[in-house]
Amino acid sequence: MSVLPRMSRRHASSSPVTSPLLSSGLGSSLARICGITTLLLGLLVLGLPQRVVGQCTSTGSGNWGDGSTWTSCDGDSVPDANDDVVIEAGHIVTVQTQQEANNVTLRQPSSTYGDTVINIDNGNSTSGDLTINGFLKLESGSLWALQNSPGGPATVFGDITGSGSIISDANGGTLFLEGTNGNQVLSVTGNDGVLGNVETAADLTLQLGTDITVENLVASGTPGSSGLTVADNTGSGTKLTVNGSNPDIKGNLTTNSNVTFSLATTLPIAGNFSNNGTFTTTSGTVIFDGGGAQQVTGSFGSSNAFYDVEVNGQNTDVTFATSVQIDNSLTLDAGNSASSSDPTLTLQNNLDVNGPLTVNDGAELDLYDENASTPSGGTLNLANSLTLDGSLIP
């Protein structure tokens, strides 16, 4: 086919140009040959085996690693990282070794078939450990059991949803939430939302789709740069309660709007703490122990007050960069410091200072809350220096 040389629109001929090749019968023959060749190639491609994610479906109760438990797996007798897994109604599948899958769905049980269960078993002679690279869906009535003592761990990268239940306690296995692309939905409504041991990835936004109680929450992260953000996935508000004996925030902790964070235990935080929702505690203690600079920001006034605050860990320096109320006591251990850079730091009980305390210019340290329902004064026990550039209201 002849091609016109590139020229400006001004010099281009307005007369139609006809290729000598196309004006002959040869052009039509070549077109037909090309069409037939394309069709043959298409048929050849369709005939080749295609690599797709398989679906392993349970055939009955049994061990995950036993091929007789499954059917239709993609090239293997048991599920692997490339396979979606469906556990049918009434089947109880036990994980006793290290296993992996893509997406996992537990079907809704019925009175005819009984319970549908994944049981992670890490007993005396077994070492159950399940990694799910995609989502976990628990249909109504199904169970995912991590409560065996000591229960095996499980790692999930995708969303965990459904109206089934996760059965877990502090003596059981740990649920590791890794969050694909830093986000993960946790919305399981079948039980009361009580989880035993949960550990989150270093920089994760956890989207709550229902109220969740975690006995022992461990959030990975780097103080000042990464950590756990708790967000609401419903638009109407959700609640995270931490009440176990061994929680630990290794980086930053941020709660977004529409999230209620309820603390009923002692919670160490190594990074910054920012509350943009509701913070409630009637007896819990927050320990800032990062060993460096930490900031408290957001809403921590009278309706979101701390109960006890302790600053420890060598060279920890906490700045209250917002108005803060502490209903019971603020304790600074030796070798650490705290300062208030916003207008008011209010205490209704004791302030025990074993390290330096700084009240910056324009800030106020108030040991008496005149707006409290029962106004009461606090006691300042000073065993170190008090730098007062702002106001001290005894």
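Summary of the structure given here. Owing to the predicted nature of the structure, the values given are computational and were not obtained by experimental measurement.

**Some words on the overall build of the protein**
(1) Moving on: Assigned secondary structure in the protein consists of one helix and 40 strands.
(2) Moving on: Counting only residues that meet the buried cut, the protein has 44% of its 394 residues in that class.
(3) Moving on: At a minimum sequence separation of 6, the contacts of the protein that also span at least 24 residues come to 46%.
(4) Moving on: Surface summary for the protein: the accessible area is close to 18,200 Å², and the carbon and sulfur share equals 48%.

**A look at the side chain of Asn 103**
(1) Moving on: Looking at where Asn 103 falls in the secondary structure, it is placed in the loop between β6 (98-101) and β7 (104-106).
(2) Moving on: Residues in contact with Asn 103, not counting those within four places in the same chain, are Asp 83, Asp 84, Val 85, Gly 134 and Phe 135.

**Topic: the pairing of strand β24 (residues 259-263)**
Residues in a regular strand project their side chains so that they alternate between the two faces of the sheet.
(1) Moving on: Counting buried positions along β24 gives four out of five residues, so the element sits mostly inside the fold.
(2) Moving on: Sheet topology places strand β21 (residues 238-242) next to β24; five bridges connect them, and they run parallel. Across the sheet, residue Val 242 finds its bridge partner in β24, namely Leu 263.

**Concerning the sheet that holds strand β5 (residues 92-95)**
(1) Moving on: Strand order in the open sheet formed by five strands is β2-β5-β8-β11-β14, and the pairing between neighbours is parallel. Each having just a single partner strand, β2 (62-63) and β14 (165-167) make up the two edges of the open sheet.

**Here we look at the state of the cysteines**
(1) Moving on: With the rule as written, the count across this model stands at one disulfide.
(2) Moving on: The partner cysteine of Cys 56 in its disulfide is Cys 73, sulfur to sulfur 2.1 Å. Of this pair, Cys 56 sits in strand β1 (residues 54-58) while Cys 73 sits in the loop between β3 (70-71) and β4 (83-87), and the two are 17 residues apart along the sequence.
(3) Moving on: Take Cys 73: its relative accessible area is 15%, and that puts it in the buried class.

**A closer look at unusual backbone geometry**
(1) Moving on: Positive phi, close to 60°, is recorded for Asn 181, a residue that is not glycine.
(2) Moving on: Unusually for a residue other than glycine, Asn 258 sits at a positive phi of about 70°.
(3) Moving on: For Asn 258, a relative accessible area of 42% gives the class partly exposed.

**Section: the pattern of salt bridges**
(1) Moving on: In total, this model carries two salt bridges according to the counting rule given.
(2) Moving on: For the salt bridge of Glu 88 with Arg 107, the shortest nitrogen-to-oxygen distance reads 3.9 Å. Of this pair, Glu 88 sits in the loop between β4 and β5 while Arg 107 is found in the loop between β7 and β8 (117-120), placing the two residues 19 residues apart along the sequence.
(3) Moving on: Taking relative accessible area as the criterion, Arg 107 reaches 30% and is therefore assigned partly exposed.
(4) Moving on: Arg 107 is the partner of Glu 139 in a salt bridge, and the nearest nitrogen-oxygen pair spans 3.1 Å. Placement of the pair is Glu 139 in the loop between β10 (136-138) and β11 (143-145) and Arg 107 in the loop between β7 and β8, with a sequence separation of 32 residues.
(5) Moving on: If you follow the salt bridges from partner to partner, you end up with Glu 88, Arg 107 and Glu 139 in one network.

**Things to note about empty space enclosed by the protein**
Where empty space is left can be seen by rolling a probe of water-molecule size over the atoms.
(1) Moving on: Throughout the structure, instances matching the rule amount to one cavity of 30 Å³ or more.
(2) Moving on: Here the largest cavity is characterised by a volume of approximately 50 Å³.
(3) Moving on: Contributing to the lining of the largest cavity are Leu 186, Leu 195, Val 198, Leu 206, Ile 212, Val 214, Leu 217, Leu 228 and Leu 240.
(4) Moving on: Mapped onto the lining of the largest cavity, the elements with two or more residues apiece are β17 (194-200) and β19 (212-219).
(5) Moving on: For the lining of the largest cavity, the residue count by class is nine nonpolar, no polar and no charged.

**Re the packing of aromatic side chains**
(1) Moving on: Counted under the stated rule, the structure contains nine aromatic pairs.
(2) Moving on: Relative to Phe 273, the ring of Phe 261 has its centre 6.4 Å away and its plane inclined at 90°; by these criteria the two rings are edge-to-face. One end of the pair, Phe 261, is in strand β24; the other, Phe 273, is in strand β26 (residues 273-275), and 12 residues separate them in sequence. Accessibility classification places Phe 261 together with Phe 273 in one group, the buried group.
(3) Moving on: Here a set of aromatic residues connected by ring pairs shows up, and it is made of Phe 261, Phe 273, Phe 279, Phe 300 and Phe 306.

**Here we look at the side chain of Thr 210**
(1) Moving on: Within the secondary structure, Thr 210 is located in the loop between β18 (204-208) and β19.
(2) Moving on: For Thr 210, a relative accessible area of 17% corresponds to the buried category.
(3) Moving on: Residues within four places of Thr 210 in sequence aside, it is in contact with Leu 186, Ser 187, Val 188, Thr 189, Thr 238 and Lys 239.

Criteria and thresholds
By convention here, each chain's residues receive numbers from 1 onward along its written sequence. It should be noted that, the model being predicted, local features are given only for residues of pLDDT at least 70 and side-chain atom pairs only at 80 or more, the latter also being counted only at that level, while totals for whole chains, interfaces and linings use all residues. Neither water nor hydrogens contribute to the side-chain values; these are computed over all heavy atoms in the structure. Going along the chain from the N terminus, every DSSP run of H or I of four or more residues is numbered as a helix, and every run of E of two or more is numbered as a strand. Burial classes follow relative accessibility: with a 1.4 Å probe on protein chains only, a residue under 20% of its type's maximum area counts as buried, one over 50% as exposed, and anything between as partly exposed. Should any heavy atoms of two residues lie within 4.5 Å, those residues are considered in contact. The protein chains shown are the only cover counted for residues, whose accessible areas, like all others here, come from Shrake-Rupley with a 1.4 Å probe. Strands are treated as partners if at least two bridges between them are detected by DSSP. We call a pair of cysteine sulfur atoms a disulfide whenever their separation is within 2.5 Å. Any carboxyl oxygen of Asp or Glu within 4 Å of a side-chain nitrogen of Lys or Arg constitutes a salt bridge here. Space inside and on the surface of the protein is sampled on a 1 Å grid over the protein atoms alone, with a cavity defined as a set of points where a 1.4 Å probe fits but cannot get out and a pocket as an open set with protein on both sides within 12 Å along at least 5 of 7 lines; lining residues have an atom within 4 Å of a point. Grid points are joined across faces, edges and corners, and a volume is the space filled by probe spheres set on the points. Residue polarity follows a fixed list, in which Ala, Val, Leu, Ile, Met, Phe, Trp, Tyr, Cys and Pro are nonpolar, Asp, Glu, Lys and Arg are charged, and the others, Gly among them, are polar. Between rings of Phe, Tyr and Trp, where Trp is taken as its six-membered ring, a pair exists when centres lie within 6.5 Å; planes separated by under 30 degrees are stacked, by over 60 edge-to-face, and by other angles tilted.

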